[in-house]
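So the chains spell out like this:
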Amino acid sequence: MEFIPESRIDRELSKLLQLPVPYNLRKHFPYTELGVRRFELLLYTLFRRGLESGWFKKEFDGLNMIPAIPGMGRLLALHYRGALRGIVRCCRQEEPFSAQELVGDILHFLLHSQAGRVPAWEVRGFRIFLAFAGPVGQDALELAADFNRLVQRESHLDAWIEKAFNETAGQERWDRPAMTATLREMLQRVEPELVLPVYLDRRLAEHPDIKSLFFGVEMVSTEQALRRILGEFQLHEM
């Protein structure tokens with residue numbers, strides 16, 4: 001498949017509109033307010049900087065963006081020595097991400113891969129980064145901590161697989177029993193890793209040039225500042 005050219009991504013970055021934030025904001029950035037495209041570009045920029053800075057030495061040495069997949073948006077593809085070794089999925093919901101949603105998201109990716117919408121990859125050791133703009137539920141955190149073992153013990157796994165089938169385009173042509181067995185095997189081998197907002201905060205603090213691409217200091221007039229102060233003290237104008 002063809003990846004999105006880096007020149008196009010750079011053009012998108014050059015046209016970004018900053019999201020206004022308070023001048024002293026250093027953490028808890030409003031990632032959910034960035035919108036889909038800006039959040040995808042933020043992750044692309046951070047992972048590209050990571051490759052340049054040696055964060056993924058002997059793990060990844062190349063980065064591309066996969067065109068939008070129905071229900072998943074654009075994915076980042078991480079390569080090592082020419083082979084696809086990981087992907088980055090952007091998760092933007094504002095409500096806490098649950099264990100069911102975590103498994104469902106991975107299943108959707110695996111099904112799209114089986115349908116040929118993602119380049120071929122080797123299952124064992126394949127990294128699936130799930131990057132979150134919002135909160136993650138405790139059940140999802142616990143599952144991700146020991147995913148390959150715990151997911152096989154999940155009593156609702158068959159129902160979650162069935163749901164993923166029903167929500168994926170083209171599933172009518174698949175042999176569901178055989179595919180279910182394949183999915184269960186793949187879930188024992190892939191390596192999901194959660195990229196939480198607190199992690200993104202730290203990276204932006206380390207790289208203010210990237211932060212300034214996406215977030216700008218909120219300009220507040222004297223009148224606006226006064227109204228804000230009055231509101232905080234619950235005062236009313238006379």
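Everything in this summary refers to the structure shown in the same document.

So, how was this worked out
- Residues numbered from 1 in each chain as written.
- Predicted model: local features only at pLDDT ≥ 70, side-chain atom pairs only at ≥ 80, totals over all residues.
- Heavy atoms only, no water.
- Helix = DSSP H or I, 4+ residues; strand = E, 2+ residues; numbered from the N terminus.
- Buried < 20%, exposed > 50% of the residue type's maximum accessible area, 1.4 Å probe, protein only.
- Contact = heavy atoms within 4.5 Å.
- Areas by Shrake-Rupley, 256 points an atom, 1.4 Å probe, with all protein chains shown as cover.
- Pairing = 2+ DSSP bridges.
- Axes fitted to C-alpha atoms, helices over the stretch in contact; angles between N-to-C directions.

1. So, the overall build of the chain
Thought 1: When helices and strands are counted, the chain shows 10 helices and seven strands.
Thought 2: Across the 238 residues that make up the chain, the buried fraction comes to 45%.
Thought 3: Residue pairs at least 24 apart in sequence account for 72% of intrachain contacts in the chain once pairs closer than 6 positions are excluded.
Thought 4: Accessible surface computed for the chain: about 13,100 Å², of which carbon and sulfur atoms make up 51%.

2. Topic: the pairing of strand S3 (residues 73–80)
Thought 1: With seven of eight residues buried, S3 lies mostly within the body of the structure.
Thought 2: Two elements, strand S2 (residues 62–69) and S3, share six bridges in a ladder whose sense is antiparallel. Across the sheet, Leu-63 pairs through a bridge with Leu-78, a residue of S3.
Thought 3: In this structure, the hairpin formed by S2 and S3 is closed by a connection of three residues, where Gly-71 is found at a positive phi of approximately 80°.
Thought 4: Across five bridges, the pairing between S3 and strand S4 (residues 83–91) is antiparallel. Note on S4: the bridge partner recorded for Leu-78 is Gly-86.
Thought 5: The loop that links S3 with its antiparallel partner S4 comprises two residues; one of these, Arg-81, has a positive phi angle of about 50°.

3. Concerning the sheet that holds strand S5 (residues 127–132)
Thought 1: Read across the sheet, five strands follow the order S2-S3-S4-S5-S6 without closing on themselves; strand pairing throughout is mixed. Looking at which strands have only one partner, the edges of the open sheet turn out to be S2 and strand S6 (191–195). The average angle at which neighbouring strand axes cross in this sheet is 25°, direction not considered.

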